[in-house]
Amino acid sequence: MTATRSRFHYNPDYLLLAVDLLGTLVFAIEGALAAIKGDLDFFGLMVLSFITAVGGGIVRDLLIGDVPPNSIRDWRYGVTAFAGGATVFFFYERFQQIPSNLLMVLDAAGLSLFAVAGVGKALEYKIHPFVAILMGCITGVGGGTIRDLLLAQVPTVLRADVYASAALTGAAVMIAGLKLRLPRVVVMTLGGIVCFVLRVVSVWQAWQLPRVLGR
Amino acid sequence: MTATRSRFHYNPDYLLLAVDLLGTLVFAIEGALAAIKGDLDFFGLMVLSFITAVGGGIVRDLLIGDVPPNSIRDWRYGVTAFAGGATVFFFYERFQQIPSNLLMVLDAAGLSLFAVAGVGKALEYKIHPFVAILMGCITGVGGGTIRDLLLAQVPTVLRADVYASAALTGAAVMIAGLKLRLPRVVVMTLGGIVCFVLRVVSVWQAWQLPRVLGR
Amino acid sequence: MTATRSRFHYNPDYLLLAVDLLGTLVFAIEGALAAIKGDLDFFGLMVLSFITAVGGGIVRDLLIGDVPPNSIRDWRYGVTAFAGGATVFFFYERFQQIPSNLLMVLDAAGLSLFAVAGVGKALEYKIHPFVAILMGCITGVGGGTIRDLLLAQVPTVLRADVYASAALTGAAVMIAGLKLRLPRVVVMTLGGIVCFVLRVVSVWQAWQLPRVLGR
C-alpha cells in the first residue's frame with residue numbers, strides 16, 4: 001500500500017503510472033474493437049476491454065506471487081480500461097476512421113511498455129532472468145491471448161506475425177543489458193526500443209515466423 | 001481454518017453455508033446439462049459440473065488473494081458439485097422434464113447469492129469498492145464463462161441477455177447501501193433481490209443489452 | 001529456495017528431478033506435435049510445448065498456494081520444455097516416424113508420474129485427501145486441457161478415452177494406500193502403476209467412458 005501511495009509524492013512515479021495507464025487505454029480500445037467485430041453486447045465489450053488491457057499483467061502477477069494483482073488492487077486500471085471501452089462503444093464511427101497503421105504503432109508502443117515493465121517487475125520478485133523474459137512476454141501478449149480465447153479463436157499471437165517474438169527480443173536485450181551492468185533506465189529504454197522497432201518493421205516488411213508444415 | 005471451523009458453532013453460519021451449497025448444487029446441475037448437450041463423457045460432465053459451480057469463486061479467490069480458494073480448502077463444495085453432476089448423469093430423463101422457467105429462476109437465485117457473497121468477501125479482503133463490484137460479478141458469472149470456454153464457445157454472458165448486468169447492478173446497490181451505512185444484512189438482502197428481480201424480469205421481457213453493429 | 005538447492009546434495013532428489021524433467025520433455029514434445037497440426041508458427045509451437053508440459057503443475061500450484069509455481073521458480077522446467085519443442089521443430093520428419101503406440105506409452109508414463117506427484121504435493125500443502133485426488137488429476141491433464149483450449153478445441157480429455165479417469169484412479173489408490181499406512185514409496189509406486197496400466201490397457205481395448213445421449 002505504501003508503495004502505491006508513494007507514487008503521489010515523486011514525479012518519476014507519476015510519469016511511470018501515466019505511461020502505464022496510457023498502455024492500458026490503448027489495449028482497452030483494441031479489446032473493444034475486437035468485441036464489436038465478434039458481435040458482443042455492451043457487457044461483453046467492457047469485459048474484452050478490461051481483459052485485453054490488464055489480463056497480461058494479472059497472469060504475470062499471479063505467477064510471480066504479487067497477489068492481489070496490481071490492476072485489482074489499484075482501481076485506476078479498471079476505470080481506465082472501462083473508459084476506453086465505453087468511448088469505443090459510443091463513438092465507434094470515429095474509431096473506424098483511425099488509420100490501421102496508427103493503431104498498430106500505438107499497439108507496438110503498448111506492447112513494448114508492458115514487456116519492459118513485466119521483466120522489471122519479475123526481477124523485483126526474484127524470478128530467474130530466463131523466466132523473467134517469459135514474464136515480460138506474458139505481460140505484453142497475455143491480454144490479447146485471453147481476448148482471443150473469449151472469442152473462441154486460436155490466439156493470433158500463436159499463429160501469425162512477429163509480435164510475441166518482438167516482446168521476447170526486447171526482454172532479452174534488457175536482461176543482457178543488466179548482465180552488462182548498464183544503468184536500469186538505459187536498459188529499459190533500450191529493451192523497449194528494440195521491441196517497438198522490431199514490431200513496426202516486421203509489419204512494414206510483412207515478416208512471419210517460420211513454421212513446420214504438418215499434414 | 002478457525003473461520004471454517006467456527007461455522008459449526010453458530011447457527012447463522014450454518015445457514016450461510018447451506019445457502020452457498022444450494023447455489024453450488026444449482027450451478028452444478030446446469031453445468032452437467034450443458035455437458036450432455038456438448039456430447040461430453042462422464043468425466044467431462046463431472047468437470048463441467050464442478051467448474052460451473054465453483055469456477056467463479058475460485059477465480060475471485062485467486063484474484064483477491066485467498067489461497068487456496070475456499071472451494072479447494074473445503075471439500076464439501078466439491079462433493080456437492082459432483083453429487084449434482086452425478087444426479088443429472090443417472091436421472092437425465094427426469095431433468096429434461098423440469099420446466100426451463102424453473103431452472104431459470106433457480107439460476108437467478110444462484111447468481112444473486114454468488115454475486116452478493118462475492119462482493120462481501122472482496123470487501124473483507126480490503127479490495128476497493130469499485131473493484132469489489134467486479135469481483136461480485138466474476139463470482140456469479142465466472143463459472144459459466146469457463147464452462148462455455150471448455151465447450152469451445154463464446155461465453156453466452158458476453159453476447160446475450162441481462163445476466164452479468166443484473167449481477168453488477170445488485171453488487172452496485174450493495175456498495176451504495178454500505179456507503180449509506182445501512183446494516184450489512186439489509187444491504188446484502190437488497191443487493192440480492194435487485195439482482196434476482198432484474199434477471200427474472202429481463203428474461204420475461206426478453207431484454208437485451210445494446211450493442212454496436214460492426215461491419 | 002533451500003528445498004530447491006538441497007536437490008543437488010542427495011541422490012534421491014536428483015532422481016526425482018530427473019524423472020520429473022523427463023515427464024516434462026515428453027509432454028512438451030506432444031504439445032509441439034499438436035502445434036504443428038494446428039498450423040501454429042515457431043512461437044506458438046514453443047508456447048504449446050511449454051504449456052502442455054508445465055500447465056497442469058502451474059494450475060495445481062496456484063490452487064494449493066505454492067506461488068510462484070515450481071516451474072516458474074525453477075528455470076530448468078522451462079528450458080526442458082523449450083528444448084523439447086525446438087527439437088520437434090527442427091527434426092519434425094524424424095518425429096513423424098515414431099510409432100504412435102510408443103508416444104502413447106510415454107505419455108501414459110508422464111501422466112502417471114504427474115498425477116502421483118500432484119497428489120503428493122497437494123497433501124504436503126495440507127489439502128484434504130478428496131481434493132488432493134483432484135489436484136493429482138489436474139496435474140496430469142491440466143496442461144493438455146490448456147493446449148486444446150489454445151487450439152480453440154473442446155479438450156479431448158472431456159470427451160474421449162480413459163485418460164483423466166486413469167489419473168483419478170491412480171490418485172485414489174494412492175490415498176487409499178496412505179489411509180492404510182503403507183509406506184510412501186510403495187503407495188506412490190502403486191498409484192503410478194495403476195494409472196499407467198489402466199491408461200495403456202484402455203487404449204489397447206478401446207475403452208470409452210459412458211455418456212448420456214442428449215438430443
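Residues numbered from 1 in each chain as written. Chains lettered and ligands numbered in written order. Predicted model: local features only at pLDDT ≥ 70, side-chain atom pairs only at ≥ 80, totals over all residues. Heavy atoms only, no water.

Visitor: Mind laying out the overall build of chain A, listing which residues take part and the relevant values?
Guide: Assigned secondary structure in chain A consists of 10 helices and zero strands. Along its sequence from the N terminus, chain A presents helices and strands in the succession α-α-α-α-α-α-α-α-α-α. Projected onto the principal axes, the alpha-carbon positions of chain A cover approximately 50 × 50 × 30 Å. Counting across all 215 residues of chain A, residues that qualify as buried make up 54%. Accessible surface, chain A: about 9700 Å² in total, of which carbon and sulfur atoms supply 67%. (Helix = DSSP H or I, 4+ residues; strand = E, 2+ residues; numbered from the N terminus. Buried < 20%, exposed > 50% of the residue type's maximum accessible area, 1.4 Å probe, protein only. Areas by Shrake-Rupley, 256 points an atom, 1.4 Å probe, with all protein chains shown as cover.)

Visitor: Break down the side chain of R199 of chain C for me, with residues and values.
Guide: Residue and element names in this part refer to chain C. Of note, R199 is situated in helix 10 (residues 184–204). On the basis of relative accessible area, R199 is assigned to the buried category, the value being 8%. Apart from the residues within four sequence positions on either side, R199 is in contact with M104, A108, D161, V162, Y163 and A166. (Contact = heavy atoms within 4.5 Å.)

Visitor: Which residues make up the relation of the copies chain B and chain C, and what values go with them?
Guide: Once turned by 120° and shifted 0.0 Å along the axis, chain B lies on chain C with an RMSD of 0.0 Å. Those values place the two copies in the arrangement expected of a three-fold rotation axis. No C-alpha of chain B approaches the rotation axis more nearly than that of A152 of chain B, which lies at 3.4 Å. When the interface residues of chain B are mapped onto chain C, a mere 11% of them are again interface residues, pointing to distinct binding faces. (Least-squares fit on C-alpha atoms with pLDDT ≥ 70 in both.)

Visitor: Just give me the short version of the relation of the copies chain A and chain C, but keep the residues and values in it.
Guide: Overlaying chain A on chain C yields an RMSD of 0.0 Å, the required transformation being a rotation through 120° with an accompanying axial translation of 0.0 Å. The fraction of interface residues of chain A whose copies in chain C are also interface residues is only 9%, indicating that the copies meet through different surfaces.

Visitor: Describe the interface of chain A and chain C, and please don't skip the residues or the numbers.
Guide: Many authors give the size of an interface as the accessible area that is lost as the parts come together. Of the residues lining the interface, 32 residues belong to chain A; the matching set on chain C comes to 29 residues. Carbon and sulfur atoms supply 73% of the area that chain A and chain C bury against each other, a total of about 2400 Å² over both sides. Summed over the three residues of chain A that lose the most area to chain C, namely L63, L158 and V212 of chain A, the buried surface amounts to 27% of that side. Applying the counting criterion to the chain A and chain C interface returns one salt bridge. Summed over the shared surface of chain A and chain C, the number is four residue pairs in polar contact (both at pLDDT 80 or more). Taken together, the elements giving at least two residues each to the side of chain A that touches chain C come down to helix 3 (42–64), helix 8 (129–150) and helix 9 (164–179) of chain A. Looking at side-chain class alone, the side of chain A that touches chain C contains 22 nonpolar, six polar and four charged residues. (Buried area = accessible area lost by both parts, 1.4 Å probe. Salt bridge = Lys/Arg side-chain N within 4 Å of Asp/Glu carboxyl O. Polar contact = N/O pair within 3.5 Å; in protein donor to acceptor, adjacent residues only side chain to side chain. Nonpolar A, V, L, I, M, F, W, Y, C, P; charged D, E, K, R; others polar.)

Visitor: Residues and numbers for the interface of chain B and chain C, please.
Guide: Taken together, the contact pairs 28 residues of chain B with 32 residues of chain C. Summing both partners gives a buried area of about 2400 Å² for chain B against chain C, and 73% of it is carried by carbon and sulfur. The three residues of chain B that bury the most area against chain C are D41, F43 and I72 of chain B, which together make up 27% of that side's buried surface. Counting across the interface, chain B meets chain C through one salt bridge. Salt-bridge contacts for R211 of chain C lead to D39 of chain B; the nearest nitrogen and oxygen are separated by 3.3 Å. Among the elements of the structure, helix 2 (11–37), helix 3 (42–64), helix 5 (75–90) and helix 8 (129–150) of chain B are those that each provide at least two residues to the side of chain B that touches chain C. With eight residues, helix 3 of chain B is the single largest residue contributor to the side of chain B that touches chain C. When its residues are assigned to classes, the side of chain B that touches chain C shows 22 nonpolar, three polar and three charged.

Visitor: Give a detailed account of helix 5 (residues 75–90) of chain A, specifying residues and quantitative values.
Guide: Look at helix 5 of chain A: 23 Å from first C-alpha to last across 16 residues, which is about the 22 Å you get at 1.5 Å a residue. Those residues of helix 5 of chain A lying buried are R76, Y77, G78, T80, A81, F82, G84, G85, A86, V88 and F89 of chain A. (Expected span 1.5 Å × (residues − 1).)

Visitor: With reference to specific residues and values, describe a nonpolar patch on the surface.
Guide: On the surface, L180, L182, V186 and L190 of chain A cluster together into a nonpolar patch covering about 350 Å² of accessible area. You can see L180 of chain A is positioned in the loop between helix 9 and helix 10 (184–204). (Patch = residues over 30% accessible without salt bridge, like charges linked within 9 Å, V, L, I, M, F, W, Y side chains within 5 Å.)

Visitor: Let's hear about the pattern of salt bridges: which residues, and what values?
Guide: Residues and elements named next belong to chain C. Going through the model one piece at a time under the given rule, you end up with 27 salt bridges over all chains. R73 serves as the salt-bridge partner of D66, at 3.0 Å between the closest nitrogen and oxygen. Take D66: its relative accessible area is 5%, and that puts it in the buried class. Take R73: its relative accessible area is 31%, and that puts it in the partly exposed class.

Visitor: A description of helix 8 of chain A should follow, citing residues and the corresponding values.
Guide: Residue and element names in this part refer to chain A. Relative to the 32 Å expected for 22 residues at 1.5 Å per residue, helix 8 spans 31 Å between its end C-alpha atoms, a close match to the ideal helical length. At V141, helix 8 is bent by approximately 50°, the largest bend along its length. Buried residues dominate helix 8, accounting for 17 of its 22 residues. (Bend = angle between axes of the 7 residues up to and from the residue.)

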